[in-house]
Amino acid sequence: MPEDPISQEMARILNEKLQRVIDKQTEHTIALANHTASLDRLEKGQEQLKEDLGEMKKMLRQLLSRDTSDS
């Protein structure tokens, strides 16, 4: 730490500002991580919906083909 009071005060102010920047960056990093996790969950959900839709289409085709063969 600098010896003279003015330098000490400047160093203290700079340290406080630096800490605020670090704290904000940490908040942003956490928010980004949370958004990324949410996007991952959404993507997995979309994949599951696509799979389910494919299965439903397959079942519908089977029902329709059975229906037309019965006629």
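Structure shown above.
Everything numeric in this text was worked out from a predicted model, so none of it was measured. (Residues numbered from 1 in each chain as written. Predicted model: local features only at pLDDT ≥ 70, side-chain atom pairs only at ≥ 80, totals over all residues. Heavy atoms only, no water.)

**Side note on the overall build of the chain**
For the chain, the count of helices and strands is one helix and zero strands. Taken over the C-alpha atoms alone, the chain extends approximately 100 × 10 × 5 Å along its principal axes. Evaluated residue by residue, the chain yields a buried proportion of 1% over its 71 residues. For the chain, the accessible area works out to roughly 6700 Å², and carbon and sulfur atoms hold 61% of it. Averaging the locations of the 11 positively and 14 negatively charged side chains of the chain gives two centres separated by 6 Å. (Helix = DSSP H or I, 4+ residues; strand = E, 2+ residues; numbered from the N terminus. Buried < 20%, exposed > 50% of the residue type's maximum accessible area, 1.4 Å probe, protein only. Areas by Shrake-Rupley, 256 points an atom, 1.4 Å probe, with all protein chains shown as cover. Lys, Arg positive; Asp, Glu negative; His and termini not counted. Charge placed at Lys NZ, Arg CZ, Asp CG, Glu CD.)

**With respect to the pattern of salt bridges**
If you walk through the whole model with that rule in mind, you get three salt bridges. Residues R12 and E16 are paired through a salt bridge, measuring 2.2 Å at the closest nitrogen-oxygen approach. With R12 and E16 both in helix α1 (residues 5-70) and four residues apart, this pair spans about one turn of that helix. Owing to a relative accessible area of 36%, E16 belongs among the partly exposed residues under this scheme. The salt bridge involving E27 is made with K24; its shortest N-O contact spans 3.6 Å. With E27 and K24 both in helix α1 and three residues apart, this pair spans about one turn of that helix. A single salt-bridge network, built from bridges that share partners, covers E9, R12 and E16. (Salt bridge = Lys/Arg side-chain N within 4 Å of Asp/Glu carboxyl O.)

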